[in-house]
Amino acid sequence: MSFKENKVWIATDQDGKPLVKTGKVLIKYQLDQNYEYWVHEKGIKPVDQSKKGHRKKKSGIKSVQKPQKKGKTEIDPEIDPEIEFQDETKRNDIIHIYTDGASSGNPGPSGIGVLLRFGKHEKEISKYIGIATNNIAELKAIKTGLLELKNTELPVRVFTDSSYSYGILILGWKARKNQALVKSIKERISEFKNLKFIKVKGHAGNEGNERADTLATSAIKKQ
């Protein structure tokens with residue numbers, strides 16, 4: 001099937017009909033990935049129908065037909081506002097990590113910003129990382145946030161506005177650059193029992209994301 005003009009695999013029942021739960025269906029972008037997403041049933045269309053009247057987008061996602069068992073780590077994105085992750089920002093039993101990276105010149109002087117929140121407790125990280133690209137800064141911000149956590153049993157939600165980081169870490173995009181860094185982050189992700197990534201829009205009023213952005217840019221200015 002197709003979701004937002006990207007080819008996806010959809011879960012079906014024994015009769016071959018879409019598996020529907022509270023108006024949503026379960027999809028994967030790749031059969032061999034560990035990530036499953038519940039999306040609104042109305043957003044799913046046959047592949048041929050989704051191409052009518054639209055130019056085909058290059059998604060960088062390769063469909064694989066070999067299935068693989070789901071691992072312990074659960075990672076879900078905020079594909080659009082219809083995905084129900086907004087309420088989780090209000091839960092006090094979840095560790096929230098807001099991350100952002102900034103680069104002046106791309107490549108150029110770069111900084112990372114991380115806001116960790118658990119209930120009423122908060123920790124801010126603003127660090128200059130030297131000359132780097134914006135993509136590297138975004139990835140290093142995520143890695144820094146994850147490395148701060150000692151308890152991997154608690155549920156964790158990582159918020160990022162980086163389409164690159166989201167695609168590389170979540171959607172299975174192939175990393176042509178920064179492969180060692182990406183590998184180290186994925187290894188760290190696998191250590192968590194319940195970890196979800198949430199893709200947010202940059203500079204759209206998300207309080208945690210805005211603070212992470214300020215921390216990242218201020219690291220460059222201080223340097």
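Before reading on, note that the structure itself is shown above.
An account of the accompanying structure is given in this report. These figures come from a predicted structure and were not determined experimentally.

1. Describing unusual backbone geometry
Among all residues except glycine, the phi angle is most often negative; among peptide bonds, the trans geometry is most common.
Line of reasoning, step 1. Geometrically, the link from N106 to P107 is a cis peptide bond, its omega value of 5° lying close to zero.
Line of reasoning, step 2. Tracing the sequence through the fold places P107 in the loop between β8 (95–103) and β9 (108–118).
Line of reasoning, step 3. Even without being glycine, N106 reaches a positive phi, approximately 45°.
Line of reasoning, step 4. For N106, the position within the fold is in the loop between β8 and β9.
Line of reasoning, step 5. By relative accessible area, which is 45% here, N106 ends up partly exposed.
Line of reasoning, step 6. A positive phi angle, near 55°, is found at N178, a position not held by glycine.
Line of reasoning, step 7. Checked against the element boundaries, N178 lands in the loop between α3 (163–169) and α4 (179–189).

2. Looking at α4
Line of reasoning, step 1. Among the residues of α4, those classed as buried are L181, V182, I185, R188 and I189. In a view along the axis of α4, the buried residues occupy a sector of 125°, so they form one face of it. Turned more than 90 degrees away from the buried face of α4, the exposed residues are A180 and K183.
Line of reasoning, step 2. Buried residues belonging to α4 abut α2 (134–147), α3 and β12 (195–199).

Definitions and limits used
Residues numbered from 1 in each chain as written. Predicted model: local features only at pLDDT ≥ 70, side-chain atom pairs only at ≥ 80, totals over all residues. Heavy atoms only, no water. Helix = DSSP H or I, 4+ residues; strand = E, 2+ residues; numbered from the N terminus. Buried < 20%, exposed > 50% of the residue type's maximum accessible area, 1.4 Å probe, protein only. Arc of directions from axis to C-beta. Contact = heavy atoms within 4.5 Å.

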